[in-house]
Amino acid sequence: MDAFTNFIENVLVPPLVKIGNEKHLVAIRNGLAVTLPFIIVGSIFLIVSSLPIPGWDKIIGKYSDILSVPVNVSFGILALLTAAGIGFYLSKELKVDPISGALLSLVAFLTTQITDKYALDTSNFGSTGLFTAIIVPIISVEVMRYFIKKDIVIKLPEGVPPAVSNSFVSLIPAAVMIIMLWIIRVVLGFDITFFLQKVFSPLVFALNSLPGILVYVLLVLLFWTVGIHGDNIMGAIGGPIFLQFITANTKAFLAHQPIPYITAQGFVDFFVNVGGTGATIGLVILMLFSKSKTYKSLGRLAFPSGIFMINEPITFGFPIVFNPTIMIPYVGTGLLLTVATYILMFFNIISKPAILIPWTTPPIISEYLITGGDWRAAVWGAIEILISILTQTSHL
């Protein structure tokens, strides 16, 4: 056991910590988080227009187009929000003006969205442009930082308002980025968005497969076992893809067509991380009935937050972090729920995710809502809690 602990602390932890603190990944994670409130608001309108109540479709029928406007607006500008968000947060990480970085990233992204007839193409403003909305802001902010670091900027006299001064500081890097992207997209006719979609297509395919999502969940759980927020780290990689999936699923749901993707945003959040990452809700429930006063007290403390998908009190209080004895069942429970849920959705026994909801939505309710009102998904959510209890029994 000591040898295993030393392996974790000396071999496994250092590279994981380095990855967890990588500034570009942090910026991608935070930039994607900017989009979530808008998607959730749009999803609320989607839920209202699609309530699973007999006859509701006839009642709401003539208002469906009106109710779909917030859905189209929120889902339709994901790439724009992401580009500005990543530009802002990466600028903060790299110590340059965040507003200038956000605006430069947004304009640079728009420059890539020009058609062959030199008109602005809005078709990639949604989830299909997410990869471009990640890569272009990173390059834009790095270019701006380079020019500032080399002091190749326009400086105004002291006393000029900071907003005006910062705008002139970003003038030269903005000109360089826009001209460079203009040459690539307009003069040479190279479609950057199409190219990036092709480059990332193997990863997109992999994350909608059972082996791919298993690897993803495994890495998330391993990060957590050494005290690193695995959902945030891996979310920077999988987030853009899962957002594409949920957008496509939402469109299919609105059009009453088959839902295409299983591992859309919400699959891991609600069907795997029941009561928090690693499905720790079962461990919390067991603690409530433990003979140990320590465990019982911790269970009472952790239960209210666990209901709302927050399990840090258990992760760091039980603890799960740096605890080799619980690592295998902790990881195993997450992988078991991943396989079982994937199979159930693959064979259409329960519905696939179609609507994005707040990640703090309690279990059972969340499975019902995210699938557009599938009662079978809610039943599966209850069964998952029982599975979580059974797999954690040996610890108490």
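The structure this text deals with has already been given above.
Summarised in this report is the structure supplied together with it. Please read all numbers here as calculations on a predicted model, not as lab measurements.

What to know about the overall build of the protein
So, step 1. Of the regular secondary structure elements, the protein holds 20 helices and zero strands.
So, step 2. Relative to the compact-globule value of 21 Å for 396 residues, the protein shows a C-alpha radius of gyration of 23 Å, a close match.
So, step 3. Buried residues in the protein amount to 48% of all 396 residues.
So, step 4. Within the protein, counting contacts between residues at least 6 apart in sequence, those at least 24 apart form 73% of the total.
So, step 5. In the form shown here, the protein has an accessible surface area of approximately 18,600 Å², with 71% of it arising from carbon and sulfur atoms.
So, step 6. Charged side chains in the protein number 21 positive and 19 negative. The centres of these two groups are separated by 3 Å.

Looking at the nonpolar core
So, step 1. In this structure, Ile-213, Tyr-216, Phe-267 and Ile-314 are the most contacted members of the largest nonpolar core, which totals 91 residues.
So, step 2. The dominant element in this core, judged by the number of residues it contributes, is helix α13 (residues 230–254), at ten residues.
So, step 3. Here Tyr-216 is in contact with Leu-207, Met-234, Gly-235, Gly-238, Phe-242 and Val-268, once residues within four sequence places are set aside.
So, step 4. The next biggest cluster of nonpolar side chains, apart from the first, holds six residues, and it includes Ala-79, Leu-80, Ala-83 and Phe-125.

Points about helix α16 (residues 293–307)
So, step 1. The end-to-end C-alpha distance of α16 is 21 Å, a good match for the 21 Å that 15 residues give at a rise of 1.5 Å each.
So, step 2. Maximum bend of α16: about 30°, positioned at Leu-301, with proline Pro-304 one to four residues after it.
So, step 3. Along α16, the positions that sit buried rather than exposed are Leu-298, Gly-299, Ala-302, Ser-305 and Gly-306.
So, step 4. Against α15 (281–288) and α17 (312–317) lie the buried residues of α16.
So, step 5. For α16, the capping residue at the N-terminal end is Ser-292, with a side-chain oxygen 3.3 Å from the backbone nitrogen of Thr-294.
So, step 6. Positioned one or two residues after α16, Met-309 has a phi angle of 70°, which is positive.

Some words on a nonpolar patch on the surface
So, step 1. Together, Ile-179, Trp-182, Ile-183, Val-187, Leu-188, Phe-190, Phe-195 and Val-199 give the surface a local cluster of nonpolar side chains, amounting to about 760 Å² of exposed area.
So, step 2. Every element with two or more residues in the nonpolar patch is listed here: α10 (171–187) and α11 (192–207).
So, step 3. A per-element tally of the nonpolar patch places α10 first, with four residues.
So, step 4. Tracing the sequence through the fold places Leu-188 in the loop between α10 and α11.
So, step 5. By relative accessible area, which is 62% here, Leu-188 ends up exposed.

The rules behind these values
- Residues numbered from 1 in each chain as written.
- Predicted model: local features only at pLDDT ≥ 70, side-chain atom pairs only at ≥ 80, totals over all residues.
- Heavy atoms only, no water.
- Helix = DSSP H or I, 4+ residues; strand = E, 2+ residues; numbered from the N terminus.
- Rg over C-alpha atoms; globule rule 2.2 N^0.38 Å.
- Buried < 20%, exposed > 50% of the residue type's maximum accessible area, 1.4 Å probe, protein only.
- Contact = heavy atoms within 4.5 Å.
- Areas by Shrake-Rupley, 256 points an atom, 1.4 Å probe, with all protein chains shown as cover.
- Lys, Arg positive; Asp, Glu negative; His and termini not counted.
- Charge placed at Lys NZ, Arg CZ, Asp CG, Glu CD.
- Core = buried A, V, L, I, M, F, W, Y, C linked by side-chain atoms within 4.5 Å.
- Expected span 1.5 Å × (residues − 1).
- Bend = angle between axes of the 7 residues up to and from the residue.
- Polar contact = N/O pair within 3.5 Å; in protein donor to acceptor, adjacent residues only side chain to side chain.
- Patch = residues over 30% accessible without salt bridge, like charges linked within 9 Å, V, L, I, M, F, W, Y side chains within 5 Å.
- Salt bridge = Lys/Arg side-chain N within 4 Å of Asp/Glu carboxyl O.

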